[in-house]
Amino acid sequence: MLYGYTLFRLYLEKIIIKSITKTPYCALPRSLGTLVGLLALLGLWVITPSVRAQASNTNANNAVPARSASLATAQAINNVITQNPFAGGSGAFRFRLGQQLPPAGSGLAAGESSNWSLWATPVVTTFRNTINPYTSNGTVALALAGAEYNFDDVMIAGVSVAGDSTSSHTNYNGGTYKSTGVTVSPYWVYQINNQWMTDWSAGFGSSQPSTSSGTYGNGNTNANRFFASAGLSNRSEWGRWFITPRANFTYYRDYLAGYTSSNNTVNNPLTSYLYQTKVGATVAYDQPGFSPFLTLYQIFNSQTYSVAGQAPSVYPSTYQAITGVNVSKGLFYGTVAYQMEKGGSQFRIYGGVRF
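Residues numbered from 1 in each chain as written. Predicted model: local features only at pLDDT ≥ 70, side-chain atom pairs only at ≥ 80, totals over all residues. Heavy atoms only, no water.

Considering the packing of aromatic side chains
Line of reasoning, step 1. Enumeration over the complete set of coordinates arrives at eight aromatic pairs.
Line of reasoning, step 2. The interplanar angle of 70° and the centroid separation of 4.7 Å between the aromatic rings of Tyr149 and Phe151 together place this pair among those described as edge-to-face.
Line of reasoning, step 3. For Phe151, a relative accessible area of 35% corresponds to the partly exposed category.
Line of reasoning, step 4. Measuring from ring centre to ring centre gives 4.9 Å for Trp241 and Tyr285, while their planes differ by 55°; the resulting arrangement is tilted. Highlighted residues: Trp241 in strand S11 (residues 241–256) and Tyr285 in strand S14 (residues 270–285), separated in sequence by 44 residues. (Phe/Tyr/Trp six-rings, centres within 6.5 Å; stacked < 30°, edge-to-face > 60°. Buried < 20%, exposed > 50% of the residue type's maximum accessible area, 1.4 Å probe, protein only. Helix = DSSP H or I, 4+ residues; strand = E, 2+ residues; numbered from the N terminus.)

Here is the structure:
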């Protein structure tokens, strides 16, 4: 573009000089009009680059906080809802309408109450990404509620609705990323026998992000997300000790629409794809109303973007350690947990009531 601009300017200069040197005196007024027009055209071409919209890869950077809401929702479904019927110490206790808590090790549920169950759970997740150039930190708050049906203490099918609110600082540009959204997640759990369980879930959601930056201005856009997850768990008991090995695969797709920010910066649309495999185990000590636990995972990540040339914002392989405690009292339950992994950390609070 610079080469073409230079040639064009030289061409205009040649025309101007030729017009001045070869124009008779009597035709000078008319020639001056032509000259003014040519000078105006040249000036417009010169100043156009300064007023032309600048381009930014802001959406590539915003993919990290955008994906944080997807991760928080998927992990809440996997860690609290679908693992809970089988792996004690997951942060929630499952029982049917009008039914008291089942004794430990009694399976999905017990008794003769209704097969329908309702639940509600708030979740608070903090995140910090230290991978350049996508450094950011913030909080994702979720409000989850759902309904499920128990098929003869062997299978559970349900659906959850999660409202999410993300507030983060995008350190790479000294700005912020904020959004609110909704995700609907159907899930399915099947207890193969007393030791093995498989779970499947998916999520479909959208959000309305707003961004601010001293460099790229302020803007509003829209986003949508999808995730699908499959897991296999085993459970062994030694007195009050429980060991739950688990393998899980989750696919994430987060799309950010293109938009033009307040200072005329063009932000191109971007889709982030993440394929995540987790293998590990949970060790828990079960006491009535109190259960500390420790979870260790090895995570294998593969990430791509719809736009070529973007650096990944996740490590290809990393550990994940989660430590915390589950508490319960009657119909109420809760979990406080801290999660650590390479390049990031999370603090999670689960709480709720089943009725």
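Observations regarding the pairing of S11
Successive residues of a regular strand alternate their side chains across the two faces of the sheet.
Line of reasoning, step 1. Sheet topology places strand S9 (residues 223–234) next to S11; eleven bridges connect them, and they run antiparallel. Residue pairing in the sheet places Phe227 in a bridge with Tyr252 of S11.
Line of reasoning, step 2. Pairing geometry for strand S10 (residues 236–238) and S11, over three bridges, is antiparallel. The residue of S11 that forms the bridge with Ser236 is Ile243.
Line of reasoning, step 3. Taking the residues between adjacent antiparallel strands as the criterion, S10 and S11 are bridged by two residues, where Gly239 takes a positive phi near 65°. (Pairing = 2+ DSSP bridges.)

Here's the deal with the confidence of the model for the chain
Line of reasoning, step 1. Counting all residues, the mean pLDDT for the chain is 77, and 72% of those residues have values of 70 or more.
Line of reasoning, step 2. In the model of the chain, helix H2 (residues 28–51) stands out as the element of lowest mean pLDDT, 47, in contrast to S9, which has the highest, 95.
Line of reasoning, step 3. Contacts for the low-pLDDT stretch residues 38–53, under 50 throughout, to residues beyond four places or in other chains number 15 contacts.
Line of reasoning, step 4. In this model, residues 86–111 is a region of pLDDT below 50 whose contacts with residues beyond four sequence positions or in other chains number 89 contacts. (pLDDT = per-residue confidence, 0-100. Contact = heavy atoms within 4.5 Å.)

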